[in-house]
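Summary of structural features
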Amino acid sequence: MAKGIIFTTDILIGIGLLVVFILASFLSKPETSQEISFQTNSIEARDIINVLSTLKISSFSQTPTIKNLIENGTIKQEDLNKTILDLIGSFWYSGNKTIASNIAKEILENITKKCFSLQTENETIYSSCNFTSKTISVAYALASGYEIGKPVSGYVARAWLTKYRKNTTQIIPFYPEGSGWTGNPLEVTKSFSLPSNITIYNATLFVSVHFGTSKSQAEFQQLLVNGNQKKGNIVWLYLQEASGSYGEVTTAAYGYVDVTNDIQPGNNTIYLKIGTPNYHSHLHPGFRLIVVYSLTQEMQAGSQTFKKRYYFDNVNGNTGAWSMLSFYIPENAKNINAKLHLNLKKVEDSTFFGINTTDIKIYVNSKDPFYYDGVNKENDEYYCSRLRNYYCYRTLSSARDVILDFDITNKVVNGTNVISVYVNSYGDIHWGDKEAIIYSDSLNDPENSSYVEVSYEIDKPLFLYGEIDLTKEKMFGGEASNPKTFSFNISQSESKIIEAFVHIAQGFSNMINVSIQQPNSPKTTVFTSPSSRVVPENVFVYPRLIGSQNTIEIVDFQSYGGISPTNYILPWSSFEYTYLVKGIVGYGSVFNSSELAIQDAINRLIQQVGSEGIAAENIQTDTQSTQGIKWLWGPSLFKILIWDKV
Amino acid sequence: MLTVKFMLIKAQTLTYDFFIATSLLLLLLIATFFLFYYKIENIEEEKEKSEMVNVLIYASDIWFKEGYPKYWNVDNVIEIGLSNNNQINTTKVRLMEEMGYQRLASLLSLGTFNVNYFVYLQNGSLIYSFPSLFYEKAKNVVVLERITIWNNSVVKVRTLVWQKA
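Predicted model, so just to flag it, every value in this text is computed and none were measured.

1. Notes on the pairing of strand E21 (residues 360-364) of chain A
All names here are of chain A. Of all five residues in E21, five are buried; the element is thus mostly enclosed. Taking every second residue as pointing to the same face, both faces of E21 are buried, with Ile360, Ile362 and Val364 on one and Lys361 and Tyr363 on the other. Note that E21 and strand E27 (residues 415-423) share five bridges and pair antiparallel. Each bridged residue has a counterpart across the sheet, and for Tyr363 the counterpart in E27 is Ser420. The pairing of E21 with strand E22 (residues 371-372) spans two bridges and is classified as antiparallel. Bridging from a neighbouring strand, Ile362 pairs with Tyr371 of E22. Counting the residues that bridge the hairpin from E21 to E22 gives six residues, and of these Asn365 lies at a positive phi of roughly 50°.

2. Remarks on the interface of chain A and chain B
With 32 residues of chain A at the interface, the matching set in chain B holds 32 residues. For the chain A and chain B pair, buried surface summed over both sides reaches about 2600 Å², with 67% attributable to carbon and sulfur atoms. The tally of links between chain A and chain B comes to one salt bridge. Asp47 of chain A serves as the salt-bridge partner of Arg146 of chain B, at 2.8 Å between the closest nitrogen and oxygen. The set of elements that each furnish at least two residues to the side of chain A that touches chain B consists of helix H1 (2-27), helix H2 (31-54) and helix H5 (97-108) of chain A. Broken down by element, the side of chain A that touches chain B gets its largest block of residues, twelve residues, from H2 of chain A. Of the residues belonging to the side of chain A that touches chain B, the class tally is 17 nonpolar, ten polar and five charged.

3. Considerations on the packing of aromatic side chains
Residues and elements named next belong to chain A. Inspection of the entire model under this criterion finds 36 aromatic pairs over all chains. Between Phe206 and Tyr256, the aromatic rings sit 6.1 Å apart at their centres with planes inclined by 45°, giving tilted as the arrangement. Pair noted here: Phe206 is in strand E7 (residues 198-211) and Tyr256 is in strand E11 (residues 249-258), with a separation of 50 residues, a long-range link. Residue class for Phe206 comes out buried when judged on its relative accessible area of 7%. Between Phe501 and Phe540, the aromatic rings sit 5.5 Å apart at their centres with planes inclined by 55°, giving tilted as the arrangement. Of this pair, Phe501 sits in strand E34 (residues 497-503) while Phe540 is found in strand E37 (residues 538-540), placing the two residues 39 residues apart along the sequence. Note on accessibility: Phe501 and Phe540 belong to one class, buried. In this arrangement the basic side chain of Lys345 is found over the ring face of Tyr439, its NZ or CZ atom lying 4.9 Å from the centre. Sitting above the plane of the Tyr426 ring, Lys361 keeps its charged end 4.4 Å from the centroid.

4. Quick look at the confidence of the model for chain B
Residues and elements named next belong to chain B. Overall, the predicted model of chain B reaches an average pLDDT of 84, with 89% of residues at or above 70. Put simply, helix H1 (residues 2-13) is where chain B has its lowest mean pLDDT, 49, and strand E1 (residues 83-84) is where it has its highest, 94. Under a pLDDT of 50 for its full length, residues 1-8 has, in the predicted model, zero contacts with residues more than four places off or in other chains.

5. Quick word on the packing of helix H3 (residues 64-71) of chain A against H5 of chain A
All names here are of chain A. Between H3 and H5, the least distance of the axes is 8 Å, while the angle of their chain directions is 130°. Taken together, the axes of H3 and H5 are oblique relative to one another. The segment H3 lies against H5, with Pro64, Thr65, Ile66 and Leu69 engaging Ile99, Asn102, Ile103, Glu106 and Ile107. Taken together, the residues of the contact of H3 with H5 break down into six nonpolar, two polar and one charged.

6. Remarks on the pairing of strand E12 (residues 267-274) of chain A
Residues and elements named next belong to chain A. Pairing geometry for strand E6 (residues 186-193) and E12, over eight bridges, is antiparallel. Opposite Ser191, over in E12, you have Thr269 as the bridge partner. As paired strands, strand E8 (residues 222-225) and E12 are joined by four bridges and run antiparallel to one another. Paired with Val225 across the bridge in E12 is Ile270.

7. Some thoughts on the side chain of Ser60 of chain B
All names here are of chain B. In this structure, Ser60 sits in helix H2 (residues 16-61). According to the relative accessible area criterion, Ser60 is buried, its value standing at 1%. Separated by 3.1 Å, the side chains of Ser60 and Arg146 make a polar contact. Dropping the residues within four chain positions of it, Ser60 is found in contact with Tyr117, Leu144, Arg146 and Thr159.

Analysis parameters
- Residues numbered from 1 in each chain as written.
- Chains lettered and ligands numbered in written order.
- Predicted model: local features only at pLDDT ≥ 70, side-chain atom pairs only at ≥ 80, totals over all residues.
- Heavy atoms only, no water.
- Buried < 20%, exposed > 50% of the residue type's maximum accessible area, 1.4 Å probe, protein only.
- Helix = DSSP H or I, 4+ residues; strand = E, 2+ residues; numbered from the N terminus.
- Pairing = 2+ DSSP bridges.
- Contact = heavy atoms within 4.5 Å.
- Buried area = accessible area lost by both parts, 1.4 Å probe.
- Salt bridge = Lys/Arg side-chain N within 4 Å of Asp/Glu carboxyl O.
- Nonpolar A, V, L, I, M, F, W, Y, C, P; charged D, E, K, R; others polar.
- Phe/Tyr/Trp six-rings, centres within 6.5 Å; stacked < 30°, edge-to-face > 60°.
- Lys NZ or Arg CZ within 6 Å of the ring centre and 35° of its normal.
- pLDDT = per-residue confidence, 0-100.
- Axes fitted to C-alpha atoms, helices over the stretch in contact; angles between N-to-C directions.
- Parallel < 35°, antiparallel > 145°, perpendicular 65-115°, else oblique.
- Polar contact = N/O pair within 3.5 Å; in protein donor to acceptor, adjacent residues only side chain to side chain.

The following block contains the structure:
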């Protein structure tokens, strides 16, 4: 009984293995058949791609879609020699995918009994049936093509401006400067030169002063623009009263006057005379002339070496005079050299109990004086026999003229630089008997004027031949506040910025911090005042810090660190930027004649510069004959996939 | 007692179990033999088929290559090819007819194989065939259909390779 069971189990296992072995042998399909199928499919795929790459459009001129395209003029006679793959690619990559698919369908359907698909860049142009097989053969072809309807040989042309007329903006800053003490006037003369061949469209003088007593008395004594009296034409936008240490009331005033008819091409002079009975009158940040004009220029490349002279305004203070000039040096400037030339007139040398007290102080980017002529670099109030209404009584000698020259190369920085010059005054203290002058007449006496001269080199020109610089200004707007932020966008066409400044307009001011920020980026400080009352009219912003979306923040702060509660930044602060526009267009479409190609290049150039308000005065063109330029699309990979129907 | 013992041993050797086991073993051996025979035959067939496919592809390739010389004639042809610039050159097709089937077979090294070509338009119309002879008794026929260009039109070239039965 036990033997029988053992035998039955053995035989069952044996039979089972035998059955499995026999079935497996019968069911296993020889791999050779699959290989042959894959091989033949692969050959067929290659054949189809070769046919598409070889056959001309003319061979299929009677297929419905191509016939229709020929009839409506989309496909021209010269296109008929292009290949079918070129045609399909042209329509596919120009967005006419339906046309491309229809052409592929009409040409390829019934080409084979097998399933196949024409694809490019993982998109199916045409497929004869759905994918149902695990084994697919693929053949590839790389193609690029011409635009349908355009000749492939002929003439191309480029054009560039050699002379043009542009509309641009120039901003002439007045530096914060003073001062006219206790009833004596401050006289400031700004001399500047505009290009002689301009047409002025608009000139607006923004005035920012501290003067008078109450708001109702805020007025100029004189405002002469090229000799024309404009003091009664000022539109006051902002008036802010403040009481001084001795209870006197004075006013910070901001306004503007239209001087379009007073400013002229070439040399200009603006003279202003202001005063205050009890305090000292001076100019605040934001005093600037904005001139919008059109200018005819010859095309030229930018320079790599710069020598710029920044003239002081002629400041005639009574008593004491001061001025704070600002200038900039680009971020990547090298071999920088800077010198300061001062022509100070009617300086009164003072002594206090025989001590030679300081009468001239010069600050260069620092709270500590770069130069002072007496013993005390600070604490002027300690060197007075009596201090009355800000006047410091000292022993005075007769007035003299002082010419000073300094090499300030090692004091200047890349970015915004500020140089403050004080004569017979500092802060809220002044001394002297009569007027003191920071002399400048840049138009008639440039060498004897007071100035800062800066020279430097940059690695590559700011603009190349064919590039045109345009300057624009964006006003902050909004309400007067501290801090104040201004958000703005820079369009793609204006994105190549080479220079940018923030013009700060303030009533009362102390020290400022200017920063710029892009969304999701940290804030970058572009300027911080080194000491009290060092608020330049303009602050240079490195172009690399400007993006498509920007926010500028200006904060007026006290030296101890807190925000100044009433030192508002005014809405007439602005962002000035200079950007480049291409005054050149490259080779364009292919035309049958050089005349047509040139006309096309000229049209493209006029349209390109016209959108930026630039008018072509002289255009140079260059035309070349050409043949076989592949353009519009590609190179793109096309593939034919073939698989067996299941 | 001894006799009884001897009888008992003999009877156990020739039991039904023994016969059944022997039969199954024989059956298994026979099945394995036939199976191996079948598989070997199958492998041989696949090998032969594979060889035929290679001949078929080679024979069909003449419609897609230029041959040597590029523009050969009946006298100087070394390698036959009917194409130029990715299209069938009808002059070369005519030259192929001119040289005759035997020369073609020789150039293609067909050996025991035979070849036939049929060219169809996309709509299925036969426009060309070569050679015109065809044996009714053929075996091991393999077919490959390929696509190319004839007179600026898409055509299907059907290549048959076969052996005489």
